[in-house]
Structures are given as C-alpha cells and as structure tokens.
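Summary of structural features
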Number of protein chains: 2
Amino acid sequence: MIRNTRQRAAVVAVFDTLDGFHSAQEVHARMRAAGDSIGLSTVYRAVQALVDDGELDSIRTDNGEAIYRRCSTTHHHHLVCRSCGRTVEVEGPTVERWADRVAGEHGFVDVKHTLEIFGTCAACHRVVNAAEPAAADS
Amino acid sequence: MIRNTRQRAAVVAVFDTLDGFHSAQEVHARMRAAGDSIGLSTVYRAVQALVDDGELDSIRTDNGEAIYRRCSTTHHHHLVCRSCGRTVEVEGPTVERWADRVAGEHGFVDVKHTLEIFGTCAACHRVVNAAEPAAADS
DNA sequence: ACCCAGTCGACAACAGTTCTCACATGGCGC
DNA sequence: GCGCCATGTGAGAACTGTTGTCGACTGGGT
C-alpha cells in the first residue's frame with residue numbers, strides 16, 4: 001500500500017512551484033532552506049516513485065546527475081550560455097513535430113526527446129574577444 | 001603537444017573493432033582481458049580526448065554511466081529505444097536551422113546543441129503489450 | 001643522447017545515488 | 001479513539017562511476 005505522507009506531498013508541492021528541470025539534491029536543499037525537515041533518501045525515493053507514476057519526467061545532465069520536472073508543465077527547451085550559465089527557455093513546435101515524425105517513421109512510440117542548445121551569449125562573447133584581442137595561437 | 005602513445009592508439013583500436021556504445025570501464029576491462037596493461041584513468045583520459053576531437057560520440061545511460069562510440073563526423077542525432085537500446089542515427093536540417101535561428105535571436109554565438117530522441121521501438125512495444133495484456137492494475 | 005613537457009597508472013578523492021537499519025507513523029480493523 | 005504493524009522515514013554508510021593527484025616514465029624535438 002502506498003501511504004500518503006507529509007514528505008511525499010511536500011516533494012510534489014515543490015515541483016508544483018517550479019518550472020523546468022531540477023535535481024533531487026536541489027529539491028532537497030530547497031526544502032531544507034524552506035525549513036522543511038526531510039531526508040535526502042526520502043527525496044530520492046519520492047522522486048523515483050513519482051517517475052514511476054509518470055508524474056515526473058527525468059533526464060540526465062551531462063555530468064550524470066539526474067534531473068526531474070513536472071510532466072504537465074509546458075514543454076520547452078533550454079538555451080544555455082556555456083560561459084556564464086545564463087539560461088533562456090525556448091519553445092519550438094517545429095522541433096516537436098520533427099522529432100515525433102522522425103521517431104514515427106522508424107516505428108518508435110511513446111516518444112520523448114531532450115534538446116539543449118549551448119552557445120556563448122552576447123555579453124560573454126564580448127568579454128572573450130576582449131581577453132583575446134588577436135587569437136593567433138599556435 | 002599531443003603525443004602518440006601506445007595506450008591512446010590502443011583505445012582507438014578497441015573502438016575500431018566495436019560497434020555501438022560502450023562504457024569507459026568496459027573498454028578498460030576488454031583491454032585488460034586482452035592482456036593490454038593500461039590504467040583506468042588513462043582510458044578515461046583517452047576517451048575524453050577522443051570526444052573532444054569529435055572522433056567519439058558520448059551519451060549517458062539511464063543510470064548515469066557515460067558510454068561512447070565511434071561516430072561518423074557528420075552531425076546527426078540519435079533515436080534510442082529506451083527498452084532495448086537500439087539506436088538509429090537521424091539527421092534533421094530542420095532542427096539545425098531552427099536551433100541556430102533561435103540561438104541567434106537571443107544573441108548567442110558559437111552555437112552547438114544536443115538532441116536525443118527516446119522512445120520504444122516497435123519490437124519492444126509489442127513485448128510490453130504482450131506482458132500486460134489487460135492493464136487493469138490496482 | 002639529452003631534456004622536458006606531456007603522459008602514465010595506482011590510488012585517493014569526490015559526487016551522486018542507493019542501501020541499511022532502527023525508529024516513527026499512517027491507515028486499517030476493532 | 002486505540003492499537004497493531006506494514007510501510008515510510010532519515011542519518012549515515014556503502015557503492016559506483018568519474019576525476020584529481022603525484023611520482024615515475026617516455027616520445028620526440030633538438
């Protein structure tokens with residue numbers, strides 16, 4: 001039997017107030033910061049249960065950390081500055097359709113995708129150029 | 001300067017004889033099994049160097065392990081079956097253009113992106129359906 | 001041959017995740 | 001409402017994959 005505990009509800013509540021992907025550790029830190037006493041293990045367990053239930057979506061970051069998000073939130077992607085980390089959320093119906101179509105053509109069902117765009121934002125690009133005025137290396 | 005060492009060549013050689021994705025640890029084990037004395041750190045370093053050079057392609061498995069494979073240099077994306085791991089390489093000029101355009105609109109330069117499509121391939125979907133003929137759970 | 005920067009490899013350190021186990025508690029029968 | 005007990009909790013240990021450290025080694029330019 002699955003019990004309805006304070007902690008599990010709290011984890012759900014956190015994801016309700018957040019948009020986008022967040023790691024289990026981040027959620028745990030947030031709850032602790034908010035004065036909510038909860039164990040890290042419990043966050044992991046709750047998050048996994050939620051993924052099992054299909055209420056959360058999980059992917060892995062580049063460094064192997066698992067991040068989760070509420071499924072129902074609007075689907076979007078991230079445009080991340082590789083220098084300062086600034087993130088812009090972008091939507092792309094074009095991409096969604098393309099991904100679904102391509103997957104379908106290969107007989108795949110229940111399709112999800114992850115797309116992250118990395119670049120250097122205008123501000124950081126200026127800085128880099130200033131630091132290396134004439135990049136005539138080697 | 002990048003030196004041409006026995007170990008680095010050996011790692012490349014291993015990937016030449018393998019198809020599909022393989023973890024650094026697996027490559028290390030394989031080399032050791034083949035009587036090739038090499039350190040785990042060295043395998044990691046070699047593999048990362050190869051990824052930097054664009055000679056290997058890396059993604060993360062579901063449990064956070066990094067896996068690599070020899071990769072054609074042409075830019076493409078992966079359509080991965082979340083059940084059996086079967087991978088199809090797909091290309092999408094549409095997506096490339098979309099990503100560049102969106103990034104440009106936000107002032108980002110030197111843009112790269114990662115896109116992975118996950119789904120259940122036709123074969124695995126049949127198996128799942130067979131295993132749960134009438135999903136009247138609870 | 002000599003030099004030395006780049007490399008190697010055993011091992012330690014580290015981060016994220018999972019496991020353990022004693023204790024707490026939700027929910028059911030009463 | 002009360003008690004039982006299966007289930008959940010939480011602190012910390014353990015585990016796993018990866019990265020860092022550091023003394024020894026070596027490829028290759030001179």
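Residues numbered from 1 in each chain as written. Chains lettered and ligands numbered in written order. Predicted model: local features only at pLDDT ≥ 70, side-chain atom pairs only at ≥ 80, totals over all residues. Heavy atoms only, no water.

Note the cut-off: UniProt positions are given in the numbering used here, feature names are shortened, and annotations may be inferred rather than shown by experiment.
Chain A is annotated in an unreviewed UniProt entry as Transcriptional repressor of Modestobacter muralis. Quoted verbatim from the Sequence similarities (unreviewed entry) field of UniProt, the annotation for chain A is "Belongs to the Fur family." Comment text from UniProt for chain A, heading Subunit (unreviewed entry), reads "Homodimer."

With respect to the protein's contact with DNA strand D
Worth spelling out the cut-off: In this text, near means that some heavy atom of the residue lies within 4 Å of the molecule or strand in question. In the analysis that follows, any N or O atom pair within 3.5 Å is treated as a polar contact, provided that within protein one partner can donate a hydrogen and the other can accept it, and provided that, for residues neighboring in sequence, both atoms belong to side chains. Runs of H or I in DSSP of at least four residues are treated as helices and runs of E of at least two as strands, each being numbered from the N terminus. Gly counts as polar in this scheme, as do all residues outside two lists: the nonpolar Ala, Val, Leu, Ile, Met, Phe, Trp, Tyr, Cys and Pro, and the charged Asp, Glu, Lys and Arg.
Around DNA strand D lies a shell of 24 residues, among which Arg3 and Thr5 of chain A together with Tyr44, Gln48 and Ala66 of chain B are the nearest. Here a phosphate oxygen of DNA strand D and a side-chain polar atom of Gln7 of chain A are 3.0 Å apart. The set of elements that each furnish at least two residues to the surface near DNA strand D consists of helix H1 (6-17) and helix H3 (40-52) of chain A together with helix H3 (40-52) of chain B. Element by element, the count of residues in the surface near DNA strand D is highest for H3 of chain B, at 5 residues. Here the surface near DNA strand D is built from residues that sort into 6 nonpolar, 10 polar and 8 charged.

A few points about helix H4 (residues 93-105) of chain B
For clarity, the threshold we go by: Expected span, for any helix, means 1.5 Å times one less than how many residues it has. Only protein chains enter the accessibility calculation, which uses a 1.4 Å probe; a residue is then buried when its area is under 20% of its type maximum, exposed when over 50%, and partly exposed in between. The arc refers to the directions leading from the helix axis to the C-beta atoms. Any two residues whose heavy atoms approach within 4.5 Å are treated as being in contact.
Its 13 residues give H4 of chain B an end-to-end C-alpha distance of 18 Å, which sits within 8% of 18 Å, the value for a rise of 1.5 Å per residue. Residues Val95, Glu96, Trp98, Ala99, Val102 and Ala103 of chain B constitute the buried set of H4 of chain B. For H4 of chain B, the angular spread of buried residues about the axis comes to 165°, placing them on one side. Summarising the geometry of H4 of chain B, the exposed residues directed more than 90 degrees from the buried face are Arg97 and Glu105 of chain B. If you follow the buried residues of H4 of chain B, they end up packed against strand E4 (77-81), strand E5 (87-90), helix H4 (93-105) and strand E6 (109-120) of chain A together with strand E4 (77-81) and strand E6 (109-120) of chain B.

Quick word on the pattern of salt bridges
All names here are of chain A. The condition is simple: Here, a salt bridge means any Lys or Arg side-chain nitrogen found within 4 Å of an Asp or Glu carboxyl oxygen.
Evaluated as defined, the whole model comprises 11 salt bridges over all chains. As a salt-bridge pair, Arg6 and Asp36 come within 3.2 Å of each other at their nearest N and O atoms. Placement of the pair is Arg6 in helix H1 and Asp36 in the loop between helix H2 (24-33) and H3, with a sequence separation of 30 residues. Under the relative-accessibility criterion, Asp36 is labelled partly exposed at 21%.

A closer look at the protein's contact with DNA strand C
Lining the immediate surroundings of DNA strand C are 25 residues, of which Tyr44, Gln48 and Ala66 of chain A together with Thr5 and Arg45 of chain B lie closest. The sugar-phosphate share of atoms of DNA strand C within 4 Å of the protein amounts to 64%. Ser41 of chain A places a side-chain nitrogen or oxygen 3.1 Å from a base nitrogen of DNA strand C. At 3.2 Å, a backbone N or O of Gly39 of chain B approaches a phosphate oxygen of DNA strand C. Only H3 of chain A together with helix H1 (6-17) and H3 of chain B provide two or more residues apiece to the surface near DNA strand C. Looking at side-chain class alone, the surface near DNA strand C contains 7 nonpolar, 10 polar and 8 charged residues.

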